[in-house]
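Structure assessment
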Amino acid sequence: MIDNFKDFLRKFFADDRNAYYIWEADGEWVSALRLTRLEGCYFLEALETKPECRKRGYSLELFTAVYEYLGQHGPFVIRDHVSKRNTASLAAHKRAGFTIEFENAVEFMPGLEEKPENPRCYGLIYRSDSCGEL
């Protein structure tokens, strides 16, 4: 399983549309997320916070820093899929300004002709303040 994840990360970092953002506290990583730049939006592939560091606001600090960075390049949209059962992640996303765009998540990854729905996940969206409709 670890080898598969290492392979995934090698491919992820080889694609210049992808970025990995890490928030540190006291010199150690506490929260991280992976973004893929797509046409018209970014797709948040993963938001992770160390279990022992949760409920301390680190993911919100990370989101705030990412928003500031992306905002330097103009308006932006971030989309994500979150399990309807993952109440902690949903709460973190909502604190960071995400709203539910789709009751059933829609796949936005490149190369898909059809955009399949996932009824187990919400499709979330964050729009920067200056971002109008796409």
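This text gives an overview of the structure that appears in the document. For clarity, every value in this text was computed on a predicted model and none was experimentally measured.

Conventions used here
- Residues numbered from 1 in each chain as written.
- Predicted model: local features only at pLDDT ≥ 70, side-chain atom pairs only at ≥ 80, totals over all residues.
- Heavy atoms only, no water.
- Helix = DSSP H or I, 4+ residues; strand = E, 2+ residues; numbered from the N terminus.
- Buried < 20%, exposed > 50% of the residue type's maximum accessible area, 1.4 Å probe, protein only.
- Contact = heavy atoms within 4.5 Å.
- Pairing = 2+ DSSP bridges.
- Axes fitted to C-alpha atoms, helices over the stretch in contact; angles between N-to-C directions.
- Salt bridge = Lys/Arg side-chain N within 4 Å of Asp/Glu carboxyl O.

Quick look at the environment of glycine 97
Within the fold, glycine 97 resides in the loop between helix H3 (87-95) and strand S5 (99-102). Glycine 97 gets classed as partly exposed once you look at its relative accessible area, which sits at 37%. Residues glycine 97 and isoleucine 125 lie 28 residues apart in sequence; the distance between their C-alpha atoms is 8.5 Å. Excluding its chain neighbours within four sequence positions, the residues that come into contact with glycine 97 are Ile125 and Tyr126.

Focus on the side chain of serine 31
As for its placement among the helices and strands, serine 31 is situated in strand S2 (residues 28-38). The contacts of serine 31, once residues within four sequence positions are left out, are Tyr21, Ile22, Trp23, Leu47, Glu48, Thr49, Tyr58, Ser59 and Leu62.

Looking at the sheet that holds strand S8 (residues 121-127)
Strand order across the open sheet formed by 6 strands is S1-S2-S3-S4-S8-S5, with mixed pairing between neighbours. Looking at which strands have only one partner, the edges of the open sheet turn out to be strand S1 (18-25) and S5. Taking each pair of neighbouring strands and ignoring which way they run, the sheet shows an average axis angle of 35 degrees. Pairing geometry for S5 and S8, over 3 bridges, is antiparallel.

Remarks on the environment of isoleucine 22
Within the secondary structure layout, isoleucine 22 lies in strand S1. Since its relative accessible area comes to 44%, isoleucine 22 is described here as partly exposed. Separated by 11 residues in sequence, isoleucine 22 and leucine 33 have C-alpha atoms that sit 6.7 Å apart. Isoleucine 22 has contacts with Trp29, Ser31, Ala32 and Leu62, leaving out every residue within four places of it along the chain.

Let's talk about the pattern of salt bridges
Evaluation of the coordinates by the stated rule reveals 6 salt bridges. One salt bridge connects aspartate 15 with arginine 17, and the closest N-O pair in it is separated by 2.5 Å. In this structure aspartate 15 comes out as partly exposed when scored by relative accessible area, which is 22%. With relative accessibility at 31%, the residue arginine 17 sits in the partly exposed group. Across the pair arginine 34 and glutamate 45 runs a salt bridge whose closest N-O atoms are separated by 2.4 Å. Of this pair, arginine 34 sits in strand S2 while glutamate 45 sits in strand S3 (residues 41-49), and the two are 11 residues apart along the sequence. With a relative accessible area of 4%, arginine 34 lands in the buried category. Take glutamate 45: its relative accessible area is 33%, and that puts it in the partly exposed class.

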